[in-house]
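The residues making up each chain are set out below.
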Amino acid sequence: MSCSEEVTLGKILFWFIIIVAVLFGARLLARSTSKVERAAPLPKDGKVPPDMHSAEAMVRCHQCGIHLPRSEAYLSNGKTWCGPEHARLGQSSSGSS
Ligand SMILES: [Zn+2]
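Residues numbered from 1 in each chain as written. Predicted model: local features only at pLDDT ≥ 70, side-chain atom pairs only at ≥ 80, totals over all residues.

**Quick look at the overall build of the protein**
Assigned secondary structure in the protein consists of three helices and four strands. Listing every helix and strand of the protein by position from the N terminus yields α-α-β-β-β-β-α. Counting every position in the protein, which comprises 97 residues, the buried fraction comes to 5%. Sequence-distant contacts, at least 24 apart, represent 9% of the contacts inside the protein between residues at least 6 apart. (Helix = DSSP H or I, 4+ residues; strand = E, 2+ residues; numbered from the N terminus. Buried ≥ 20, exposed ≤ 12 C-beta atoms within 10 Å, placed from the backbone. Contact = placed C-beta atoms within 7 Å.)

**Looking at the environment of L68**
Along the chain, the position of L68 falls in strand β2 (residues 67-69). Of the residues examined, L68 has 16 C-beta atoms within 10 Å and is grouped as partly exposed. Put simply, L68 and T80 are twelve residues apart on the chain and 9.5 Å apart in space, counted from C-alpha to C-alpha.

**Comments concerning unusual backbone geometry**
Phi angles above zero are rare outside glycine, and N77 is one such case at about 55°. Locating N77 in the fold gives a position in the loop between β3 (74-76) and β4 (79-81). Look at N77 and you get exposed, because 11 C-beta atoms sit within 10 Å.

**Focus: the confidence of the model for the protein**
On average, residues of the protein carry a pLDDT of 81, and 70% of them reach 70 or more. Element-level pLDDT for the protein is lowest in helix α2 (residues 50-54), with a mean of 51, against a maximum mean of 94 in β4. (pLDDT = per-residue confidence, 0-100.)

Next comes the structure, spelled out in structure tokens:
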């Protein structure tokens, strides 16, 4: 019967289209996910991660002149202090310029 042959051909075509569609969708999906992965990892700074430097980086308190690791320093107005008290003292003594 020619009728059954037509049905088989239609089935093959149907599956062929589905496979192509799936492959196309998978490729699109893979591309979009790889794009996300590529965009994620690095910040734009280009800075060295703080772990490597903070161990050695010493900063000075502008009020009392004590040296302390940057990670423990108190940062205010772009200056470093040993604590919030000295930050307030140093800023009030230097005045607003
Ligand atoms: Zn201090």
